[in-house]
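Below, each chain spelled out in residue letters.
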Amino acid sequence: MKPAWIALGSNIQPKEVYLQQAVQKLADSRNIVLKQVSTVYETEPVGYEEQDQFLNLVVEVDTSLTPQELLRACQEIEQELGRERVIRWGPRTVDLDILLYSNENMNIEELILPHPRMHERAFVLVPLAEIAPHLTLNGREVKEWLETMTAEEVQGVRVWGSLHR
Ligand SMILES: Nc1ncnc2c1ncn2[C@@H]1O[C@H](COP(=O)(O)OP(=O)(O)OP(=O)(O)O)[C@@H](O)[C@H]1O
Ligand SMILES: Nc1nc2c(c(=O)[nH]1)N=C(CO)CN2
């Protein structure tokens, strides 16, 4: 079994229900064990800003799947929950991004690990720092990456609540 960290986001109603169902589907997957679930945060949209606020969280799993198999499992969950790709970085029922898979470094067409934009996203770093502050990314701990964010970026990530489990 290898540890992996997955970021989830939703900005189409009912956001909480999409996140709840996505986490449940991960937990129900063969070969995936859910280890930790962060608080849910309400976050300002980054990248493409003309869209509704997101709910974001991060989970830690243990898995016997390979990175590519885990990506496929995440994409199946997105499909099952009705994800449609219309605008890059645009609205989505649910998005699952693999942040880290053990200490794997890979860069193939469909999968880059660690996730190339995770260290610049407060909506990822805040929940990840909550469940894995000492995890290292490019030689720096997650909580140190969080300290590189501006106050405005961090203020755009507010505690929303917890998923019912
Ligand atoms: N670490 C990763 N986790 C998930 N998908 C990845 C990863 N690295 C590369 N990809 C690829 O990124 C493609 C686009 O993913 P998606 O449409 O969810 O992007 P996005 O979530 O809108 O943007 P971003 O990649 O900036 O988070 C996927 O088809 C997948 O093959
Ligand atoms: N706040 C927030 N902004 C985003 C998000 C997200 O999950 N949360 N996902 C994006 C593409 O992955 C682009 N922008």
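Analysis parameters
- Residues numbered from 1 in each chain as written.
- Chains lettered and ligands numbered in written order.
- Predicted model: local features only at pLDDT ≥ 70, side-chain atom pairs only at ≥ 80, totals over all residues.
- Heavy atoms only, no water.
- pLDDT = per-residue confidence, 0-100.
- Helix = DSSP H or I, 4+ residues; strand = E, 2+ residues; numbered from the N terminus.
- Expected span 1.5 Å × (residues − 1).
- Buried < 20%, exposed > 50% of the residue type's maximum accessible area, 1.4 Å probe, protein only.
- Arc of directions from axis to C-beta.
- Contact = heavy atoms within 4.5 Å.
- Salt bridge = Lys/Arg side-chain N within 4 Å of Asp/Glu carboxyl O.
- Pairing = 2+ DSSP bridges.

J.: Looking at this model, I keep getting lost on the confidence of the model for the protein chain. Mind explaining?
T.: Predicted coordinates in areas of low pLDDT are best not read in detail. Chain-level statistics for the protein chain give a pLDDT mean of 94 and a share of 95% at 70 or above. Reported for the predicted complex are a pTM of 0.95 and an ipTM of 0.95.

J.: Help me understand helix α1 (residues 15-28), please; the structure alone is not making it clear to me.
T.: With 14 residues, α1 should reach 20 Å at 1.5 Å per residue; the first-to-last C-alpha distance of 20 Å fits that figure. Within α1, the full set of buried residues consists of Lys 15, Tyr 18, Leu 19, Ala 22, Val 23 and Leu 26. For α1, the angular spread of buried residues about the axis comes to 130°, placing them on one side. In this structure, the buried residues of α1 make contact with β1 (2-10), β2 (32-37), β3 (40-43), β4 (54-63), α2 (67-80) and β5 (95-101).

J.: Any chance you could explain the pattern of salt bridges here in plain terms?
T.: Two side chains with opposite charge may pair up if their charged atoms get near one another. Within this structure, the stated rule accounts for five salt bridges. Between Asp 62 and Lys 35 there is a salt bridge, with its nearest N and O atoms 3.7 Å apart. Placement of Asp 62 in strand β4 and of Lys 35 in strand β2 is noted, with a sequence separation of 27 residues between them. A relative accessible area of 48% places Lys 35 in the partly exposed class. Among the salt bridges present, the one from Arg 158 reaches Glu 44, with a minimum N-O distance of 3.0 Å. Pair noted here: Arg 158 is in strand β10 (residues 157-161) and Glu 44 is in the loop between β3 and β4, with a separation of 114 residues, a long-range link.

J.: Looking at this structure, how should I read the pairing of β3?
T.: In summary, the side chains of a regular strand alternate between the two faces of the sheet. Pairing of β3 with β10 involves four bridges; the strand directions are antiparallel. Across the sheet, the residue bridging to Val 40 is Gly 161, located in β10. Bridge count between β3 and β4: three bridges; the pairing is antiparallel. Its bridge partner being in β4, Thr 43 is matched across the sheet by Phe 54.

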